[in-house]
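So you can see what is in the structure, the chains are spelled out below.
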Amino acid sequence: GAVVSQHPSWVICKSGTSVKIECRSLDFQATTMFWYRQFPKKSLMLMATSNEGSKATYEQGVEKDKFLINHASLTLSTLTVTSAHPEDSSFYICSALRTQGGYTFGSGTRLTVV
Amino acid sequence: AQKITQTQPGMFVQEKEAVTLDCTYDTSDQSYGLFWYKQPSSGEMIFLIYQGSYDEQNATEGRYSLNFQKARKSANLVISASQLGDSAMYFCAMREGWGAQKLVFGQGTRLTINP
């Protein structure tokens, strides 16, 4: 079945540093990837939609300079949290749109900024 | 305005009982899709069931069925014969419009199955 590998599964970083999260589709081509953020016991909030080879579309209120999304290939999309601060601590999860419809989610990344 | 509303923050059910998780949605599009996902404590999103707006039959997948009432804009998830492993967060989500891609999620319902 379609699998999206998301790494790292958890990361702790110091305030002011940048963190990169990768989502890789293992057995299919993901032309569109969605990035979500989830606070504890809350819903998934869409941050941005990325299409391979083009700039990501960010949802209202999401800082594009802080959350850099790159989708340079059909199998890899990355989210970089730049100059991370404690308020960026959250669960980040990606989701790939499959060509035949449906979505495959990564396993998520728990980011803690100290 | 909320596109997807799940009014039950938490549900407690005895093992082997059936449970219904509520979901109402708001859209003016004729074409849309409704999804239910299960999220255990590990955080992964597990797809359960899908209902298209033009589907005349209610979707079923094993112990999961979707009670789709289009006129009322509701898409409740029914889990039959609940099991301890069903304890998790459950999210209803919608994809709306022709060619639409992004999913919008409801607030979620935390389901706890008691032995």
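Residues numbered from 1 in each chain as written. Chains lettered and ligands numbered in written order. Predicted model: local features only at pLDDT ≥ 70, side-chain atom pairs only at ≥ 80, totals over all residues. Heavy atoms only, no water.

## Let's talk about the interface of chain B and chain A
- Counting residues at the interface gives 15 residues for chain B, matched by 17 residues for chain A.
- Between chain B and chain A the total buried area reaches about 1,300 Å² when both faces are included, carbon and sulfur atoms providing 56% of it.
- Across the chain B-chain A interface, the total number found is one salt bridge.
- Glu-59 of chain A serves as the salt-bridge partner of Lys-102 of chain B, at 3.2 Å between the closest nitrogen and oxygen.
- The interface formed by chain B and chain A contains six residue pairs in polar contact (both at pLDDT 80 or more). (Contact = heavy atoms within 4.5 Å. Buried area = accessible area lost by both parts, 1.4 Å probe. Salt bridge = Lys/Arg side-chain N within 4 Å of Asp/Glu carboxyl O. Polar contact = N/O pair within 3.5 Å; in protein donor to acceptor, adjacent residues only side chain to side chain.)

## A closer look at the layout of surface pockets
- Looking at the largest pocket, its volume works out to about 790 Å³.
- Residue lining of the largest pocket: 33 residues in total, with Arg-37, Ser-43, Leu-44, Met-45 and Leu-46 of chain A positioned closest to the centre.
- Of all the secondary-structure elements, those providing two or more residues to the lining of the largest pocket are strand 5 (44–51) of chain A together with strand 11 (104–105) of chain B.
- Among the elements that take part in the lining of the largest pocket, strand 5 of chain A stands out by supplying four residues, more than any other.
- Residues belonging to the lining of the largest pocket are distributed by class as follows: 13 nonpolar, 10 polar and 10 charged.
- Roughly 260 Å³ of internal volume is contained in the second largest pocket.
- Residue lining of the second largest pocket: 16 residues in total, with Gln-38, Pro-40, Lys-41 and Arg-110 of chain A together with Gln-39 of chain B positioned closest to the centre.
- Elements with a contribution of two residues or more to the lining of the second largest pocket: strand 9 (90–97) of chain A together with strand 10 (88–96) of chain B.
- Considering every element that reaches the lining of the second largest pocket, the biggest residue donor is strand 10 of chain B, with three residues. (1 Å grid on protein atoms, 1.4 Å probe; cavity = no way out; pocket = protein on both sides within 12 Å on 5 of 7 lines; lining within 4 Å. Points joined across faces, edges and corners; volume = space filled by probe spheres on them. Helix = DSSP H or I, 4+ residues; strand = E, 2+ residues; numbered from the N terminus. Nonpolar A, V, L, I, M, F, W, Y, C, P; charged D, E, K, R; others polar.)

## Section: the side chain of Ser-53 of chain B
Residue and element names in this part refer to chain B.
- Mapped onto the secondary structure, Ser-53 falls in the loop between strand 6 (46–52) and strand 7 (60–61).
- Within the local environment of Ser-53, its side chain forms a polar contact with the backbone oxygen of Gln-30, the two atoms lying 2.9 Å apart.
- Residues contacting Ser-53, with those up to four places away along its chain left out, are Gln-30, Ser-31, Tyr-32, Phe-68 and Lys-70.

## Looking at the pairing of strand 10 of chain B
Residues and elements named next belong to chain B.
- Burial within strand 10 is extensive, with eight of its nine residues counted as buried.
- Pairing of strand 5 (residues 32–39) with strand 10, which is carried by eight bridges, proceeds in the antiparallel orientation. By the bridge assignment for strand 10, Trp-36 is matched with Cys-92.
- Across three bridges, the pairing between strand 10 and strand 12 (residues 109–114) is antiparallel. Note that in strand 12 the partner of Ala-88 across the bridge is Leu-111.
- The sheet contact formed by strand 10 and strand 11 spans two bridges and is antiparallel. For Ala-93, the partnering residue across the bridge sits in strand 11 and is Phe-105. (Buried < 20%, exposed > 50% of the residue type's maximum accessible area, 1.4 Å probe, protein only. Pairing = 2+ DSSP bridges.)

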